[in-house]
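For reference, the chains in residue letters:
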Amino acid sequence: MILDPDARYTKTHEWARWEDDELVIGITDHAQEALSDIVYVELPAVGEHYEAGESFGVVESVKAASDVYMPVSGEVTAINEELEDSPELVNEDPYGRGWFIRIRPDNPADFDELLDGAAYEAVVAEEEG
Amino acid sequence: MRFIPHTEADRQAMLAAIGVESIEELFHDVPKKARAVEFRLPEPLTEMEVLVELNQLAEANAGTHHYACFLGAGAYNHFVPSVVDYVISRGEFYTAYTPYQPEVSQGTLQAIFEYQSMICALTGMEVSNASHYDGATSLAEAVIMALNVHRRRRRKIVLSPAIHPEYRAVVRTYTQGMGLTILGDGETAHQDLEALTDLTPLADLVDGETAMVAVQVPNFFGQMASPQELTRLAEAAHQAGALFTVVVDPISLGLFKPPGEYGADIVVGEGQALGGGLSFGGPYLGFFATRRKQVHKMAGRLVGETVDTEGQRGYVLTLTAREQHIRRARASSNICTNQGLMTIAAAVYMAALGRRGLRRVAELCYHKAHYAAQRIDALSGFQVVGRRPFFKEFVIRTPRPVHEINAYLLDEWEIIGGYDLEQDYPRLTNHMLLAVTEMNSREEIDDLVTALEEATQ
Amino acid sequence: MTEPLIYELSRPGRTGVDLPDPDVPLSDMPEEWLREELPLPEVSEVDVVRHYLHLSQMNYAVDRGFYPLGSCTMKYNPKVNEVATRLAGFRNLHPYQPEETVQGALYLVYHLQEWLKEIGGFAGVSLQPSAGAHGELAGVLMMRKYHLDRGDTKRRKILIPDSAHGTNPASTTMSGLEVVEIPSDERGNVDLAALEAAMDDTVVGLMLTNPNTLGLFDEHLEEIADLVHRHGALLYGDGANLNALVGIAKPGEMGFDVMHFNLHKTFSTPHGGGGPGSGPVGCVERLVDYLPGPIAAIEPGSEDHPEGPLYVWKMPAKSIGRVKAFYGNFGVMVRAYTYIRMLGAEGLREVAEHAVLNANYLLARLKETYPLPYDRTCMHEFVLAGPPKDLQEKGIHTMDVAKRLIDYGFHPPTVYFPLIVPEALMIEPTETESKETLDAFAEAMLKIVEEGREDPDLLHNAPHTAPVRRLDEVRAARKPILCYTSLA
């Protein structure tokens, strides 16, 4: 399972990472692997605001559809338009070109409450039983 | 035993293999007292006997094979070519299941793909699904789709009062738990025909809270607003960020501009006219078409083209992650079984009639309806109402109540008369909605005119 | 084996079915409305016949062979049904004709309602819903309205077992209610403790399929019904699996307040490649007024008329409303009427008995080889947990077994459902299959396991003999081609 050294994680398999004063958000390598071939990503509109834990989008594979949840509360400042034509980027490069949205968090300190790499690995280990 | 092949020897061998003495033992999980029930049903009949009974029941009805029919209002007596029944009577089509195993369902899948293509061609849209239950439920699904396009943040729907009353009722049933505000058709108790068919008040109701605006073309009264009026309404909707949905008569599209050309985002309607037959109200066919970019929000099955491991072209159900079996609680619609075989019937109809044939059907409807209208308008006491162009249905004002006239037509002339509009639109007393299709001969129309004249003497 | 698209067979100028010339004077048309292009195919009638015949020959169907799809009840579709539904006196009726002109049709609708009431143990039935999911939506809306009408506005939840069909939670969401999932226990029943914990006075109802999607009759049905009712909630029955109980027990007398039937499953009407179906909903006395409508009724006072009672349409007093235009799939109702009329109570009982016998026999033949998650007597269907362990460890999955069955001339069972059994294979033989067919299927299933051990690729690359090989579903979803692209 690949992790991003600069990111923090959620129990619902999203990652978040600072870039300037915004957070970039996507789904983890573990998540993309579990979903298998991703065929469509539904993203919000720029300017929309979501609370932490609220679903802001959906990832569809051939056989499954999963909600994607906000790690922290904030406003969407950008969405990855490349995913419309190339959803497979999420499988190929989940922490890089497969990013989903950028947000301006309501409270930057919320980021520190997220799981670090080790804690996230533990969550995954427990899920797999 | 009906349709059950087991012999006593089979049963014994099977019970032995299972390791029980009797079939009853296999029901041990069903509480004894639940099994101690009597089922009071009539004594069974053999095939020979049941057909006698069914024939009696069938003959106790006044069908359009014996009566001239001028009744429309959402279900129409259109010609069904014999090839339609030939195809849908093939066991490989009608006894097949939903094509979840595509390798052994290419017949159904390709037939649906062709249907989708033809509906796109007909409606001027980019994507069609594989059907809903009927035109009314298609409209309800369009409302749900519009809500989802707006991520449930808009809660207003504007409906033209000239949309079929039962369609609007179904929209209200479907959305009764969704906390929506439905506007546009609240004044039908007070409106006359002019007011009911005016599109401008609808544009005035559209605002930033509106998810969708819907109209019907031709409307319930058979009339057609102009393409310019419709385009203006579409623009008003789009400016407010709302979707514009059109309920359309598919036969009219044999002649007239499709809604894709005047700004529709979603096109729905009743496909019964496309080879489905009247069948006392069902099974019918709800077609549903939209724009490419909205396809992920569209409910219903979708067939897509792909290739197999040897590069051969084939068809599969696709974008299935939209559907209930995957999304479950997050699905936009619960639709599972749809109207599969009726979709194939419609495809056969559209293929068999083709480019020229469908146009010819539409022309016949148009000319016959207009001939009927002209002749009736000339009768004293009767008047064709409404200033807009019409297609195959029109409204007449009658000198006596509609139900009295219809009783006379039925009893004396074996004619099934038009629809009494007062039952849905209280201001339209003595207003009858008459439909004329390619199935009505000139002689039938002339008889209708004579009968109407007599009915008022 | 491919067949060109109908558009590819099209040639400019070719015509199919002819229509007469207008026999009336022509009228002017509104110029601004005329369309320029109508891109429909141009083919001859023989093209149409051959094209669709070729397509049909690429389909598997019940008429062709065994179709053991779990929870779909792919029983034989009697041909007399097809004759019945095509009678001109049924086909050629407009739904808005005056009631006096359609008494035969109304008689049929009314009596089918009555028979389903009797079969289900219910006080009222509406035949308007056109599919199971449609019936579910109606049922959930009925439960919701029942509570609201009583002034009970705090109920917002529907409890649904994790083994349920996806339409159950989807119907709940459409009704504006919240889904609460209840786990199953290790015997495949609803986990009673979890149910008790979730049950309170904010629950509208519990949706239960019984027997469930594992083919098992819930061992605590009575306690469940009791628990639900004690908290003032209602019990909804998903009747998809009624083939196990028809003529044996009545859901309405086992605690179910409202239930949908599937005429295209239990009552032999054909599946049509995805419809049309019919999903009537039945209910107990206290919910009768809420049924969707209109429904067929006898005009009060006409019961003893010498010419027979007068059948009319009636809207239930507190109806949730119409769920579609007109009255439902009448053409499907005719088939179900015919079927019930031919079977009677005894015939229906034999259906359930033999459906359950067939399923248990097949289970007995397979359970030594295939992993069985719940070792109980099954009802009309059963679920296996995929191929044997050693095959799964070698990377052979349920999908591979399913595709290889095609080469043996069988339609695969339902796969990957219910979700609570990984690698699920749900098998429902139905009562219309002979012992020989079941034996042939069992032998194929056992042979496939051997093949998996000796030559895994044979399974991975299956099917080998179908009209097409395995299809690329990822490509179909990533780059959707949803209609013929050169429409000009």
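The structure displayed is predicted, hence computed values, not measured ones.

Concerning the overall build of chain A
Along the backbone of chain A there are four helices and nine strands. In chain A, the succession of helices and strands from N to C terminus is β-β-β-α-β-β-β-β-β-α-α-β-α. The dimensions of chain A, computed from C-alpha atoms along their principal axes, are 35 × 35 × 20 Å. Taking all 129 residues of chain A together, the buried fraction comes to 53%. Summarising the internal contacts of chain A: among those between residues at least 6 apart in sequence, 61% fall at separations of at least 24. Carbon and sulfur atoms provide 45% of the accessible area of chain A, an area that totals close to 5,900 Å².

Topic: the domain arrangement of chain C
Domain boundaries in chain C define domain 1 (6-58) and domain 2 (79-341). Put simply, the middle of domain 1 of chain C and the middle of domain 2 of chain C, counted by C-alpha atoms, are 41 Å apart.

Let's talk about the interface of chain A and chain B
Many analyses report the size of an interface as the accessible area lost when the parts associate. Taken together, the 18 residues of chain A in the interface contact 10 residues of chain B. Both faces combined, the contact of chain A with chain B buries some 1,100 Å², and carbon together with sulfur accounts for 40% of it. Three residues, Glu42, Glu60 and Ala65 of chain A, lead the burial of chain A against chain B; their summed loss comes to 37% of the area buried on that side. Where chain A packs against chain B, one counts two salt bridges.

Section: unusual backbone geometry
Trans is the common state for peptide bonds, and a negative phi is the common state for residues other than glycine. The omega torsion of the bond from Gly282 of chain B to Pro283 of chain B falls at 5°, within 30 degrees of zero and hence cis. Residue Pro418 of chain C is reached from Phe417 of chain C by a cis peptide bond, and omega for that bond is 5°. With phi around 60°, Tyr416 of chain C is a residue other than glycine that occupies positive phi space. Relative to the helices and strands, Tyr416 of chain C resides in the loop between β11 (414-415) and β12 (425-427).

Overview of the pairing of strand β2 (residues 157-161) of chain C
Residues and elements named next belong to chain C. Of all five residues making up β2, five are buried, and the element is well covered by its neighbours. When β2 meets strand β3 (residues 178-182), the two strands line up parallel, connected through five bridges. Bridging from a neighbouring strand, Ile160 pairs with Glu181 of β3. Following the chain from β2 across helix α6 (residues 167-174) to the adjacent parallel β3, one finds a crossover that is right-handed.

Some thoughts on the sheet that holds strand β2 (residues 14-19) of chain A
All names here are of chain A. Read across the sheet, six strands follow the order β1-β2-β3-β9-β8-β5 without closing on themselves; strand pairing throughout is antiparallel. Lying at the two open borders of the sheet, with one neighbouring strand each, are β1 (8-9) and β5 (49-50). Here β1 pairs with β2 via two bridges, running antiparallel. In the sheet register, Arg8 faces β2, and the bridge partner there is Ala16.

Concerning the interface of chain B and chain C
If you look at the interface, chain B gives 189 residues, while chain C gives 200 residues. In total, chain B and chain C occlude about 17,100 Å² of area from one another, counting both sides; carbon and sulfur atoms represent 64% of this. Sorting the residues of chain B by area buried against chain C places Phe280, Arg328 and Arg355 of chain B first, and these three jointly supply 6% of that buried surface. At the junction of chain B and chain C, the tally comes to 14 salt bridges.

Quick word on the pairing of β2 of chain A
Residues and elements named next belong to chain A. Linkage of β1 to β2, two consecutive antiparallel strands, is achieved through a turn of four residues, within which His13 is found at a positive phi near 70°. The pairing of β2 with strand β3 (residues 22-27) spans six bridges and is classified as antiparallel. Across the sheet, residue Trp18 finds its bridge partner in β3, namely Leu23. Taking the residues between adjacent antiparallel strands as the criterion, β2 and β3 are bridged by two residues, where Asp20 takes a positive phi near 60°.

Thresholds applied
- Residues numbered from 1 in each chain as written.
- Chains lettered and ligands numbered in written order.
- Predicted model: local features only at pLDDT ≥ 70, side-chain atom pairs only at ≥ 80, totals over all residues.
- Heavy atoms only, no water.
- Helix = DSSP H or I, 4+ residues; strand = E, 2+ residues; numbered from the N terminus.
- Buried < 20%, exposed > 50% of the residue type's maximum accessible area, 1.4 Å probe, protein only.
- Contact = heavy atoms within 4.5 Å.
- Areas by Shrake-Rupley, 256 points an atom, 1.4 Å probe, with all protein chains shown as cover.
- Domains from an automatic or database assignment.
- Buried area = accessible area lost by both parts, 1.4 Å probe.
- Salt bridge = Lys/Arg side-chain N within 4 Å of Asp/Glu carboxyl O.
- Pairing = 2+ DSSP bridges.
- Right-handed = clockwise from strand over helix to strand, strands pointing away.

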